Amino acid sequence: MIRKILLADDEVTFRKTFAKVLVEEGMSVKEVGNGTDALDAVTKERFAVAILDIRMPGADGIKVLREIMRIRPETRVIMITAYGTVEMAVEAVKLGACDYVMKPVVMDDVLTKIRKNLRYLELQEENKQLKQELSGRFDIGQIVGQSSAMQKVLEMIRKVAPTKSNVLITGKSGTGKELVARAIHSLGSQNGSRFVAVNCSAIPESLLESELFGHKKGSFTSAFQDKKGLFECARGGTLFLDEIGYMPMSCQVKLLRAVEHRQIIPVGSTVPIDIDLRLIAATNKDLAKEIKAVRFREDLYYRMNVVGIHLPPLRERKEDIPLLVEHFIGKYNAEMGKHCVGVSDDVMRLLMSYDWKGNIREMQNVIERAVIFSEDEVIRMSDIGLLGCHVVSLSEENENLQLAVRAYEREHICRVLNKYDWNKVEAAKALNIGLSSLYRKIDELDIDSQKRKRESKGTAVA
Ligand SMILES: Nc1ncnc2c1ncn2[C@@H]1O[C@H](COP(=O)(O)OP(=O)(O)OP(=O)(O)O)[C@@H](O)[C@H]1O
Ligand SMILES: [Mg+2]
């Protein structure tokens, strides 16, 4: 969460003293001495709180406030008002400022107001997280799969859920790792407590440790108050360490300690805190390789991999495809008020022969698009024909070489046209054919009509 404060006031001595107090409080402050610089700062950066003097050269505080409300309405704005500008301060509150303080400013008052607003932002964030968790609740029936591989996975989930053992879920992108983690949580004794997910690859190394374990006020420049880490937030529940393979070595050491001793030490503290939660990690990396390359600690791997669940890629469990298709058609029928009953035989053959590099997530997207485009109860080739993917179909009609080549040619030209936004000159260049040849192909292969058909449904050719 951003916690930077913008302080805009043209009175240099006051501004410097005020900024010093804020920094001493552990806050990170950007000072500006006029309205123009304030406008510049808010366009470039996000601030948690902006403190604006009403009278400033360049642009006055009201103008800056209006701009903040337009581009970053989540910012908490406190106006500084002097004798003669109180009415303007009231006006500012109407425009979206949260509060105002009178000059001469009493430091304690303004600090209380700033802290109150920072707390407000923190609560807002927590609230958002809780809502996301609630909307994400589900039962194990959401994991679809009849293949023996998936049946084994379901059995492992049922067995491991009631325990507190650490679980490591492996599998390529889109194979359902997070879904499995949530299933373990919701079937286990942690259900009812929080499921906290953290993507280790998305947080910069410098922040990851404090995100996970928390920090004490003043332990680094922007640590202006104590902060609980995700381990503490997930107490009694589940902490899901997603993409653990990307965790920097420095953090792995601390994680190992936490896993071994079931204790964490916040950054800047010496007092360990006991933690009682379930740990689940996931990775799409081959950790054996990472260990060999000294990018992942072997001891941490063994600690996490008490129970290992591997999700095979979809192309290795093709018998699940018909069930998944049915599942996703049902899902999108319900969401879109459609009445698709299934896919035509040639579409099913295509879906069975495709190699699904993006696994279930990719299939979900394909079915979602097909449900949007389908005009009758059955999803046909034309509803998914232009997936923008390299289709290797073995439908009966495509066994005929000429037809297969024609289908491929059509699809390839469409992809290139899409890439160049249907700029035919550019597309012809990329295809290395003349413009008139491209026009002829568009005509022969009936490509334009496909484009029109899709655009009339509100979406460009995918
Ligand atoms: N067996 C399944 N049955 C039904 N839906 C599934 C199944 N597996 C995955 N999904 C759905 O596919 C999508 C991707 O799954 P998920 O996010 O769990 O994958 P992931 O392995 O965590 O992917 P990534 O590595 O890209 O984060 C989700 O919408 C999920 O609900
Ligand atoms: Mg995931």
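Residues numbered from 1 in each chain as written. Chains lettered and ligands numbered in written order. Predicted model: local features only at pLDDT ≥ 70, side-chain atom pairs only at ≥ 80, totals over all residues. Heavy atoms only, no water.

A. Region of the structure containing the site of ligand 1. Neighbouring residues of ligand 1: 18 residues in total, closest Ser173, Gly174, Lys177, Arg361 and Gln364. Between ligand 1 and Gln142 there is a distance of 3.4 Å, counted from a nitrogen atom to a backbone nitrogen or oxygen. A distance of 2.8 Å is found between an oxygen atom of ligand 1 and a backbone nitrogen or oxygen belonging to Gly174. Starting from 640 Å² of accessible surface for ligand 1 in isolation, the protein chains cover 84%. (Near = heavy atom within 4 Å. Polar contact = N/O pair within 3.5 Å; in protein donor to acceptor, adjacent residues only side chain to side chain. Areas by Shrake-Rupley, 256 points an atom, 1.4 Å probe, with all protein chains shown as cover.)

B. View of the sheet that holds strand β6 (residues 167-171). Pairing within the open sheet is parallel, and its five strands lie in the order β7-β10-β13-β6-β14. Strand pairing shows two members of the sheet lacking a second neighbour, β7 (195-199) and β14 (307-311), which therefore form its edges. For this sheet the average axis-to-axis angle between neighbouring strands, irrespective of direction, equals 20 degrees. Both strand β10 (residues 238-242) and strand β13 (residues 278-283) contribute to a ladder of four bridges, which runs parallel. For Leu241, the partnering residue across the bridge sits in β13 and is Ala281. (Pairing = 2+ DSSP bridges. Helix = DSSP H or I, 4+ residues; strand = E, 2+ residues; numbered from the N terminus. Axes fitted to C-alpha atoms, helices over the stretch in contact; angles between N-to-C directions.)

C. Quick peek at helix α19 (residues 424-431). All buried positions along α19 are accounted for by Ala427, Ala428 and Leu431. Considered in projection along α19, the buried side chains sweep an arc of 100 degrees and stay on one side of the axis. Along its buried surface, α19 packs onto α18 (401-419) and α20 (435-444). In this structure Asn423 caps α19, since a side-chain oxygen of it lies 3.1 Å from the backbone nitrogen of Val425. (Buried < 20%, exposed > 50% of the residue type's maximum accessible area, 1.4 Å probe, protein only. Arc of directions from axis to C-beta. Contact = heavy atoms within 4.5 Å.)

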